[in-house]
Amino acid sequence: MGAGASRNAEGGSHGGEEREESLDQAGGQLYVSLKMENYKKKGDIIPHVYGSVPLVGSWDSSKALSMERESASMWELSFVVPPNHETLDFKFLLKPKYGYTPCIVEEGPNRLLTGGTLQGDARLALFKLDNEEVLEYRVFIKADKVSPFDLAASWRAYQDNLRPSTVRGIPDVSINAVPETGRENGSSASLELDLEHYVVPAPSISANSGLVYAANLAENPRSLVITGVSVDRPATIKEMEIVIPDPSKIYSGSGMVESKSVGTFSPLQKQDSHRGLFVDRGVGSPRLVKSASATTFSFDLKLDSETKNSMPAAAGAVAAAAVADQMLGPKEDRHLAIVLTADFFRADNPEGMEARNEVAALAMDDMTAWMQEGGQVGIFDATNSSRSRRNMLMKMAEGKCKIIFLETICNDERIIERNIRLKIQQSPDYAEEPDFEAGLRDFRNRLANYEKVYEPVEEGSYIKMIDMVSGHGGQIQVNNISGYLPGRIVFFLVNTHLTPRPILLTRHGESRHNVRGRIGGDSVLSDTGEIYAKKLANFVEKRLKSERAASIWTSTLQRTILTASPILGFPKIQWRALDEINAGVCDGMTYEEIKKNMLEEYESRKKDKLRYRYPRGESYLDVIQRLEPVIIELERQRAPVVVISHQAVLRALYAYFADRPLKEIPHIEVPLHTIIEIQMGVTGVQEKRYKLMD
Ligand SMILES: O=P(O)(O)OC[C@H]1O[C@@](CO)(OP(=O)(O)O)[C@@H](O)[C@@H]1O
C-alpha cells in the first residue's frame with residue numbers, strides 16, 4: 001500500500017505521530033492485513049476471521065470472513081476498518097471447506113486493535129481439534145493508516161495488472177470476487193429473471209419518466225441536429241459553442257450561493273416547432289420543453305429567470321467555481337458565452353443566409369436578455385462555422401458577455417458515421433422522413449455544405465476539442481482562457497463524454513434509524529434493509545452481468561456499505577462526499593423531537609429547506625457543493641456506476657441528471673428500496689425506476 005503510518009505485530013511504529021495525524025485529517029482509514037502460516041497440509045480447513053464490527057461478522061461465526069490462500073502454507077486477508085470503529089476485537093477460527101461445522105475458534109483472549117495498534121503479542125494462533133490435536137499457525141498482523149488515495153491507487157494497480165486483490169470488506173476501494181459456490185441470497189431476496197417486473201413509474205412530480213432530456217443530441221456536431229438542408233458528406237465535422245457566466249448574480253451577502261443558471265440557445269429554436277430546448281446536463285440549464293415554438297421558448301426562459309435567486313439543478317461544480325471567480329476573478333468577466341459552429345444553409349443562398357443571421361441574432365438577444373435576468377452561463381447552440389458569423393456574434397456580445405468559442409473536431413470516420421445514423425434515427429429533423437437512406441443522403445449533403453463555408457476558429461477565446469470522443473488520446477487546445485469559471489468549464493469539458501452507460505442511484509436499505517424515524521446517525525440495517533441489500537445484489541448481478549468494468553460507490557456510512565456488501569464481483573469505492581446531509585446538533589433526533597425541543601430550527605427549515613443549515617451541520621446547498629467531484633467523476637466514467645447513498649444526497653444527484661430546478665431538490669421523492677436508473681448517452685438522459693420490495 002501507499003504511504004501511511006504502519007504498525008506491525010511487534011508493536012513497532014514505522015510512521016511518526018505527525019504523519020498519522022495528517023492522514024486522519026485527510027480521512028485516512030485503518031488498513032489491516034492478516035496472514036496465517038501453517039506447513040501442515042490441512043487443505044479442507046479454511047482459516048476465517050470474525051470480530052466486533054459488522055465487516056467481520058459482529059461475532060457471528062457464520063458471517064466470519066474467509067481468508068484467501070496466498071501460497072501452499074500461507075493464508076491472507078486484508079480489509080479496512082470503518083473510520084468510526086476505533087477498536088477492533090477479533091479472533092481467528094477454522095471452518096471446514098464444505099459446510100459450517102465444526103467451527104473451531106482459536107484459544108486465548110480476543111485480539112485487540114486500538115487506533116491502529118495491536119495490543120498484546122500473540123504471534124501464534126492455537127486451535128484444539130476434536131482429537132485433542134493442537135493445530136498451530138504463525139500469525140502476521142499489519143495495520144496501516146492509509147488515505148483513500150492509496151486505496152484508489154491500489155485499485156488502479158489491480159486494474160493495470162489484472163490481478164485479483166485480496167482486499168475485502170469495506171475499504172474505500174475493494175473488490176469482492178464472486179465465490180465459486182455463488183451467492184447465498186435467501187429465497188426471500190431472490191428476484192424474478194425479468195427485471196421489467198419491478199419497473200414502476202417515476203413519481204409525477206419528477207415528471208421525467210420516459211422523457212428524453214435532449215442533452216447533447218449528437219457527439220459531433222451537436223448543432224447539426226437542428227438543420228434540414230441537403231448537402232454532401234465531409235471527412236471531418238466541426239462545431240463550436242460559447243458560455244456566459246454572471247458571477248455577480250450568484251453570490252449573496254449571506255455567503256451562500258444564491259443563483260447560477262446555464263442556458264442553451266439555438267437559433268433554430270425560434271423557427272422550428274419540432275425542436276425542444278436543448279438541455280446540457282453537464283452544467284444545468286433551462287428546463288426541457290417538448291415543443292420550443294417561440295412562445296414556449298420565452299416561457300421557458302421566464303421560468304428560469306424566476307429562479308434567478310437560486311442555483312439550478314445541482315450546478316454545484318460550476319457554482320463553486322463561479323463563487324471563487326466572484327471572489328478572485330476579474331470583475332469584467334461578468335458573462336460568458338460558448339458558441340457552437342457549423343452552419344446549415346448553403347453559402348450561395350442569400351435569402352437563407354439572411355434568415356439564418358436573423359434567427360441567430362434573435363437567439364443571441366434572448367440569451368443576453370436572459371443573462372440580464374440572472375442567467376449566468378449560456379450555450380449558444382449553432383454551427384457558427386464562418387468567421388463572419390462569429391464576428392457578428394462577438395459584436396452583439398460587446399459589453400454584455402464574454403464569449404468562448406468551443407470547436408469540436410472529429411476525424412474518426414466511424415464516429416461520424418455512427419452519429420449520422422443516430423441523427424437520422426432520433427432527431428426530430430428526420431421524424432417525418434420514413435426513408436432512412438433518403439435521410440442519410442440529405443444529411444450527408446448538409447454536412448458537405450458546412451465544409452464549404454467552414455473556417456477554423458482562430459480568433460478570440462476558444463477551446464478546441466480534437467478527437468476526444470473515443471476517450472483515448474485526443475487533444476484539447478485552449479486559447480486566451482482565463483478566470484476560474486472558464487477554467488472549470490475546460491475541466492468539465494475534458495471530463496465529460498456521451499458514451500452510453502447507466503447510472504443506478506439507490507438509497508441504502510432501511511436502517512434501524514429509519515425504523516425509529518431518527519435522522520442521520522450511522523446505524524446498521526434493519527431486517528428489511530438486509531433483505532433489500534440482497535435483492536439489490538441480485539438486481540445488480542442481473543442488470544450488469546456483462547458489465548465487468550462497472551463499479552459500486554457508497555458513502556462512508558455503515559448503512560450504505562452494508563447495503564453494498566452482498567454485491568460481488570465489482571470494485572467498491574467509498575466517498576465521503578456521498579455521506580448524508582450532516583444534521584449537526586439534530587443528528588439522531590426524530591423530526592418530532594426537533595419540533596418539540598428546537599421549534600425555531602424546525603420552522604426555519606420548513607420555511608427554506610434548501611438554504612437552511614443545521615446548527616453545526618449542513619444545508620442542501622452545502623451538499624450540492626460537495627457533490628462536485630462526484631458529479632465530475634460520474635461524467636467521466638464510461639462504465640456503469642451504482643451509487644448507494646442517502647436521501648438528501650440522491651435528491652441532489654438526481655436533480656443534476658434530470659435537470660430539476662434547484663428549489664425542488666429538497667422535496668424530490670427518493671424512496672427507500674427503489675433503484676433510479678439514469679441512462680446517459682448521445683440522445684440525452686432517460687430515467688427508469690425499479691421497486692424491489694413491496
Ligand atoms: O432533508 P430531509 O427530508 O430531512 O431528508 C434527509 C434525511 O433523510 C434521512 C432519513 O430520514 O436519510 P437516509 O435514511 O437516506 O440516510 C436522514 O438521515 C436525513 O437527515
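Residues numbered from 1 in each chain as written. Predicted model: local features only at pLDDT ≥ 70, side-chain atom pairs only at ≥ 80, totals over all residues. Heavy atoms only, no water.

The environment of the ligand is formed by 15 residues, the closest being Arg559, Tyr591, Arg605, Lys609 and Tyr620. One nitrogen or oxygen atom from the side chain of Arg507 is found 3.0 Å from an oxygen atom belonging to the ligand. Contact between the ligand and Gln647: an oxygen atom at 2.8 Å from a main-chain N or O atom of the residue. Within the complex, 94% of the 460 Å² of free accessible area of the ligand lies under protein. Of the residues belonging to the shell around the ligand, the class tally is four nonpolar, five polar and six charged. (Near = heavy atom within 4 Å. Polar contact = N/O pair within 3.5 Å; in protein donor to acceptor, adjacent residues only side chain to side chain. Areas by Shrake-Rupley, 256 points an atom, 1.4 Å probe, with all protein chains shown as cover. Nonpolar A, V, L, I, M, F, W, Y, C, P; charged D, E, K, R; others polar.)

A separate point is the nonpolar core. Ranked by size, the top nonpolar core spans 39 residues in total, and within it Val643 and Leu653 carry the most contacts. Of all elements in the fold, only β23 (501–507), α15 (620–626), α16 (628–636), β26 (641–645), α17 (647–658) and β27 (674–681) reach the threshold of two or more residues within this core. In terms of residue count, α17 provides more of this core than any other element does, ten residues in total. Those residues within four positions of Leu653 in sequence are excluded, and the remaining contacts are Leu505, Leu578, Leu627, Val630, Ile631, Leu634 and Val643. By size, the runner-up hydrophobic cluster in this structure holds 30 residues, among which are Val49, Phe92, Ala125 and Tyr137. (Core = buried A, V, L, I, M, F, W, Y, C linked by side-chain atoms within 4.5 Å. Buried < 20%, exposed > 50% of the residue type's maximum accessible area, 1.4 Å probe, protein only. Helix = DSSP H or I, 4+ residues; strand = E, 2+ residues; numbered from the N terminus. Contact = heavy atoms within 4.5 Å.)

Here α17 spans 16 Å end to end across twelve residues, near enough to the 16 Å set by a 1.5 Å rise per residue. α17 sits mainly inside the fold: eleven of its twelve residues count as buried. Three or more residues of α17 are buried, namely Ala648, Val649, Leu650, Arg651, Ala652, Leu653, Tyr654, Ala655, Tyr656, Phe657 and Ala658. Of the residues trailing α17, Asp659 is marked for its positive phi of about 55°. (Expected span 1.5 Å × (residues − 1).)

The next thing to look at is the UniProt feature "binding site: substrate" (unreviewed entry) in the protein chain. In this numbering, the UniProt entry assigns the feature "binding site: substrate" (unreviewed entry) to Arg507, His508, Gly509, Glu510, Ser511, Arg512, His513, Asn514 and Arg559. Spanning 53 residues, the named residues form one tight spatial group whose C-alpha atoms are at most 14.0 Å apart. As for its placement among the helices and strands, Arg507 is situated in strand β23. Sequence-distant contacts of Arg507, defined by excluding residues within four places in its chain, comprise Asn514, Tyr532, Ile644, Ser645, His646, Gln647, Leu650, Val670, Pro671, Leu672 and Thr674. Polar side-chain contacts of Arg507 include one of 3.1 Å to the side chain of Gln647. When its relative accessible area of 0% is taken as the criterion, Gly509 is described as buried. When residues no more than four places from it in sequence are discounted, the contact partners of Gly509 are Asn514, Leu525, Gly529, Tyr532, Arg559, Thr563, Leu672 and His673. (UniProt positions renumbered as here; feature names shortened; annotations may be inferred.)

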